[in-house]
Amino acid sequence: MRLDDYIEELEPDEEAERRRLAKEKSYAITDHLEEFERNFEQSLSGDSLVGSTAPSIFVGRSNYPDIPVGLLSPVGDEDAAEEYVTDGNWYQQGYDIPDVLQRRTGLLNSNKRANVDSPSIASRLTPNVHDAWDGFVGVQREVAIAGRPVDLEIGLDDTPDLGLDAGTDVATPRGPRANARNAELRENPYVPKPVKKTLEDDDWQAQGAMTFLYRRGFDVYDINSILSAGALGEAKQRRLVPTRWSITAVDDTVGQYLRGRIRNEPSVDEVQVWANEYMGNRYWVVLAPGNWEFELVEMKAPGSIWNPNPGDDVWLQSASEGYEGRSSYVEETAGAYYAARLGVLEYLESIGRQAKCLVLREVSDDYWAPVGVWQVRESVRNAFDGTYGEAETFHDAVAEISTQLPVSHARLRRKSELAAGLQANLSSFTGQE
Amino acid sequence: MFKAIVSAETLTSALDSVSVLVDECKIHLEEDGLEIRAVDPANVGMVDLSLDASAFESYDADGGLIGVDLSRLEDIAGMAESGQLIQLELDEETRKLHIQIEGLEYTLALIDPDSIRQEPDIPDLDLPAEVILEGKDVNRSVKAADMVSDHIALGVDEGEEFFYVDAEGDTDDVHLELTQGDLIDLQVGPAHSLFSLDYLKDMNKAIPSDTEVTLHLGEEFPVKIYFGFAEGQGQVTYMLAPRIQSD
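As the structure is a computational prediction, the values presented were derived from the model and not from experiment.

S.K.: Is there a simple way to explain the UniProt feature "domain: Proliferating cell nuclear antigen PCNA N-terminal" (unreviewed entry) in chain B in this structure?
M.R.: Taking the numbering used here, the UniProt-annotated feature "domain: Proliferating cell nuclear antigen PCNA N-terminal" (unreviewed entry) corresponds to residues 6-101 of chain B. Annotation note: span residues 6-101 of chain B, helix share 21%, strand share 49%, distance between end C-alpha atoms 10 Å.

Right, dumping it as C-alpha cells:
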C-alpha cells in the first residue's frame, strides 16, 4: 500500500473514541482500592496472609546493595493470579491504562530488605545468592523460577501502605506495600525443565543462559524474573538484580543475540512504514534497505506524564546504534530503547532480513500514567501485524510521516541521527556489493 | 623471514591508526616495508597503511604475511618507554612473533591470516575537491562538531572558494570556514557530504597535529583522508563512507 493511503487508513476517530472511554473508566480505580482494602482485611489471619498466592516478584533498587525484595500477591483474587503477571497477554487482551493500574494496585508487595550478594545470615558464610533457598529470599526465588503462581503464607510486620506510587517508565506503578517478616511455601513449585537447566549449571554465563531460555520459548518477562532472583549465570556472579535493571538487561541481551542472527542476512528490499497505537502512544516504524542501524526517537507531548506542563514544547529524546551496536550507555530514552529494539529485531529475525530502522514514539497527553516499558515492547512487536505503507525512499517516508508528528521535519532532522542521514557503506561506491 | 628494529613511537603510531577500525589485521612483511589494509565490519571505514623500511632502525623481510591481534600488540608496544627500541622477529616454525624491549621478552601468538576478514580493494573514486590542511585544524573541527552533534558535514563552497565544516545539533550549531589563506592548499570542486563523528573521531586520534592532511571530497561520496607519520616514512589513507541525506 502507498504510504499516504496507509496513513489515511489509520482511522484516528476510532482511536479518539477508545481514549475517551479509557478516561471515563479511570474512576474505577478509586472503587478498586476500596475493594482491595476490604479483601485484605478478610485475608488477614492474625498478622499472616494465609492462603495467598504469588505469581511474581519485585526487586527494588533503593539503598542498593541492601535492597527491598518483594513477593507480589493478588489479595482476594488468588484464582486469577496469572492475570496479574505483566506480559504480552496484557496487550493481546487490550488492557488500557486503568486496567493496568487495577492489576498493579491489586498486587500486595510484601517485602523485606536483603543484600544482593548475601541475602540471609546463613549464607553469609558463602556470600552468594546462588544457593539461597531458605528464608524469605529463598521463597522469593522459588516464586521467580516457578512456571505458575505459587501458594504461600506470608507473615507481615505491619498493615500495608495502600499509597499508589506513580512509578517510572521502566518499572511499573506499584500497589500497596507491607513489610514482611517471613514467607513459607504451601506447595512444591513447578519449575520448567529449561529453567532447572540454567539454574543448575553454574558455569554458564548469564548472557548465554538468557539466550538459551529465549530460544526455548521463554519470553523476556519470564527471563527477567529469573535473572532478577539471581537464578542463572556463573555462580560467583549471581546476585539479586533490581527489576528495573534486569528488564533492560534482558531486552539488551536478547536483542544482541537477535542482532547477531541477522548480521549476515540480506537486507529488506523496500522502504516500509508500520504504525501502531496503544495507550496514548503512537509508534511509527520505518524499515529501509541497508545494513542494520537503529534509532528510537521519542516525542513527549506537553501534558503527558514526563512533560507535565501543558505550556511547554514537545520534549524530544533519541538514541541510536550502528551496525556493530552501541559502545556507550544509552543516556536518552533508556529502557524504551532496548524494548523497542527487541520488538524490531524479533520481526527482522523472523523474516531473515536486516534493515535500517527508525522508530518514532509519540506520547500524547492521553498517556496519563506510566504503565511500564512492556507497553513499548508490545506496541513495537505488534506494529508488524497487518499491512504497511510503502515509500520510494527512507527520507521520503520520514518527510511524509513528519506531517503527522507534533514536531517539524526540520526539528526531527536535528534530533534524529537517521533522519539526518543514513550510513552508506563503501561497497556501494565501488560496485563490489 | 622477518626481523626488524623500530622505535616505540613509530610502531605505536602505525598500530593505532589501524586499531581505530579493526581488532585484528593482516600485516604484509614486504621487502621494502610493512603494509596493512583493513576495513571495519560494517564496511564503512577503511585504512591503507604503509611503513617504509627506512622508518626502521633495521629491517629485513622477504614478503611474508602474518595475522595479529592489534590490542595485544599495542599493549606490548606500550611497555616501551619513549625513545626505546622494539625488536621484532618472526619464528617461522612456531608462527610466533618474538618481541624484545630492552631486557623484556614477549612471545606473541599470531592469528591465522585466513581467519581474518578479507582485505578490501581500495576503491578508485573520482573525488573533485581537494583540501590540504594541518592536522590541528582537523582536530579542531572534529572536536567542535562533537560538542553539538553525532555527525559532521564537510564541503567546499565553489563560488567563495572555501572549505567548511558544519554540525547541526538538537539546539546548537557549529560552523567553520577555512579559506585559501587558512589552508595549505585548496582545489575547488562540488563537495558536500555528511559523516558519522563516531568514525571521524577515531580516525582523528591517529592524525598527528603537526602533519599535513589531505582530504578528497565529493557530493554524498566517501572522504579520503591522507597523512604521513614517522617523518614521512609512514603513510595512512583512510576512506570513510558518508551518511546519505538525499534518498
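S.K.: I keep staring at the domain arrangement of chain B and nothing clicks. Help me out?
M.R.: A common way to express how large an interface is: the accessible area buried when the components associate. Residue and element names in this part refer to chain B. Parsing chain B into structural domains produces domain 1 (2-34 + 56-113) and domain 2 (129-240). Distance between the C-alpha centres of domain 1 and domain 2: 30 Å. Counting residues at the interface gives six residues for domain 1 and eight residues for domain 2. Classifying every residue of the side of domain 1 that touches domain 2 by side-chain character gives two nonpolar, three polar and one charged.

S.K.: Explain the nonpolar core here, please?
M.R.: As a rule of thumb, soluble globular proteins bury nonpolar side chains together. Of all hydrophobic cores here, the largest spans 180 residues; its most connected members are A:Val285, A:Val286, A:Val344, A:Val359 and B:Leu240. With 11 residues, helix H11 (residues 334-351) of chain A is the single largest residue contributor to this core. With sequence-adjacent residues up to four places away left out, A:Val344 is seen in contact with A:Val285, A:Phe294, A:Cys357, A:Val359 and A:Val380.

S.K.: Would you mind showing me how to read the interface of chain A and chain B here?
M.R.: With 20 residues of chain A in contact, the opposing surface of chain B contributes 26 residues. When residues of the side of chain A that touches chain B are traced back to their parent elements, those giving at least two are helix H14 (409-415), helix H15 (417-420) and strand E14 (422-423) of chain A. Residues belonging to the side of chain A that touches chain B are distributed by class as follows: six nonpolar, 10 polar and four charged. The pairing of E14(A) with strand E19 (residues 243-244) of chain B spans two bridges and is classified as antiparallel. Bridged to A:Leu422 within E19(B) is B:Ile244.

S.K.: Looking at this structure, how should I read the UniProt feature "domain: Proliferating cell nuclear antigen PCNA C-terminal" (unreviewed entry) in chain B?
M.R.: Here the UniProt feature "domain: Proliferating cell nuclear antigen PCNA C-terminal" (unreviewed entry) sits at residues 182-242 of chain B. Each end of residues 182-242 of chain B is marked by a C-alpha atom, and these two atoms are 25 Å apart; helix forms 15% of the span and strand 48%.

S.K.: Can you walk me through the sheet that holds strand E2 (residues 24-30) of chain B in this structure?
M.R.: Across a sheet, strands are paired by hydrogen bonds formed along the backbone, either parallel or antiparallel in direction. All names here are of chain B. Reading across the sheet, the nine strands line up as E6-E2-E3-E4-E18-E17-E16-E10-E14 and stay open at both edges, with antiparallel pairing between neighbours. Pairing within the sheet leaves two strands with one partner each, and these edge strands are strand E6 (64-69) and strand E14 (185-187). Taken pair by pair, the neighbouring strands of this sheet meet at an average axis angle of 15°, ignoring direction. Sheet topology note: the strand E16 (residues 212-217)/strand E17 (residues 223-229) ladder contains four bridges and is antiparallel.

S.K.: Even after reading the chapter, I still don't get the packing of H11(A) against helix H12 (residues 374-383) of chain A, so can you show me in this structure?
M.R.: Two measures define how a pair of helices packs: the angle their axes make with one another and the distance between the axes. All names here are of chain A. Axis separation between H11 and H12 bottoms out at 8 Å; the angle between their running directions is 25°. One element, H11, and the other, H12, form an angle in the roughly parallel class. Judged by the twist between their axes, the crossing of H11 over H12 is right-handed. Side by side, H11 and H12 meet where Ala336, Ala339, Ala340, Leu342, Gly343, Val344 and Glu346 of the first sit next to Val376, Arg377, Val380 and Arg381 of the second. Of the residues that constitute the contact of H11 with H12, the class distribution is seven nonpolar, one polar and three charged.

S.K.: Help me understand the sheet that holds strand E8 (residues 271-278) of chain A in this model?
M.R.: All names here are of chain A. Spatial ordering of the open sheet is given by E11-E10-E12-E9-E8-E13, a layout of six strands whose pairing is mixed. Only two strands of the sheet have a single neighbouring strand rather than two, namely strand E11 (315-321) and strand E13 (389-391). Strand-to-strand twist of the sheet, defined as the mean angle between neighbouring strand axes without regard to direction, takes the value 15°. Sheet topology places E8 next to strand E9 (residues 281-288); seven bridges connect them, and they run antiparallel. Each bridged residue has a counterpart across the sheet, and for tyrosine 278 the counterpart in E9 is asparagine 281.

S.K.: Looking at this model, I keep getting lost on the UniProt feature "domain: Archaeal Nre C-terminal" (unreviewed entry) in chain A. Mind explaining?
M.R.: UniProt records the feature "domain: Archaeal Nre C-terminal" (unreviewed entry) at residues 321-429 of chain A, using the numbering of this structure. Counted over residues 321-429 of chain A, helix gives 44% and strand 13%. Its end C-alpha atoms are 23 Å apart.

S.K.: Would you take a moment to explain the environment of B:Asp182 for this structure?
M.R.: All names here are of chain B. Mapped onto the elements of the fold, aspartate 182 is located in the loop between strand E13 (173-179) and E14. A tally of 14 C-beta atoms within 10 Å means that aspartate 182 is categorised as partly exposed. Through-space distance from the C-alpha of aspartate 182 to that of phenylalanine 163 is 9.6 Å; in sequence the pair is 19 residues apart.

S.K.: I keep staring at helix H10 (residues 243-262) of chain A and nothing clicks. Help me out?
M.R.: Three- or four-residue spacings in an α-helix give side chains the same orientation, since the helix completes a turn every 3.6 residues. Taking 1.5 Å of rise per residue, the 20 residues of H10(A) would be expected to cover 28 Å, and the 29 Å separating its terminal C-alpha atoms lies within 8% of that figure. The buried fraction of H10(A) amounts to 14 of the 20 residues, a majority that puts the element mostly inside the structure.

S.K.: It is not clear to me how the domain arrangement of chain A should be interpreted in this structure. Could you clarify?
M.R.: Residue and element names in this part refer to chain A. The domain architecture assigned to chain A consists of domain 1 (20-254) and domain 2 (265-420). When residues of the side of domain 1 that touches domain 2 are traced back to their parent elements, those giving at least two are helix H4 (88-92), helix H5 (97-105) and H10. Counting residues per element, the side of domain 1 that touches domain 2 draws most heavily on H10, which supplies five residues. By residue class, the composition of the side of domain 1 that touches domain 2 is 10 nonpolar, six polar and four charged.

Basis of the calculations
Residues numbered from 1 in each chain as written. Chains lettered and ligands numbered in written order. Predicted model: local features only at pLDDT ≥ 70, side-chain atom pairs only at ≥ 80, totals over all residues. UniProt positions renumbered as here; feature names shortened; annotations may be inferred. Helix = DSSP H or I, 4+ residues; strand = E, 2+ residues; numbered from the N terminus. Domains from an automatic or database assignment. Contact = placed C-beta atoms within 7 Å. Nonpolar A, V, L, I, M, F, W, Y, C, P; charged D, E, K, R; others polar. Core = buried A, V, L, I, M, F, W, Y, C linked by C-beta atoms within 7 Å. Buried ≥ 20, exposed ≤ 12 C-beta atoms within 10 Å, placed from the backbone. Pairing = 2+ DSSP bridges. Axes fitted to C-alpha atoms, helices over the stretch in contact; angles between N-to-C directions. Parallel < 35°, antiparallel > 145°, perpendicular 65-115°, else oblique. Left-handed = near helix turned anticlockwise from the far one by under 90°. Expected span 1.5 Å × (residues − 1).

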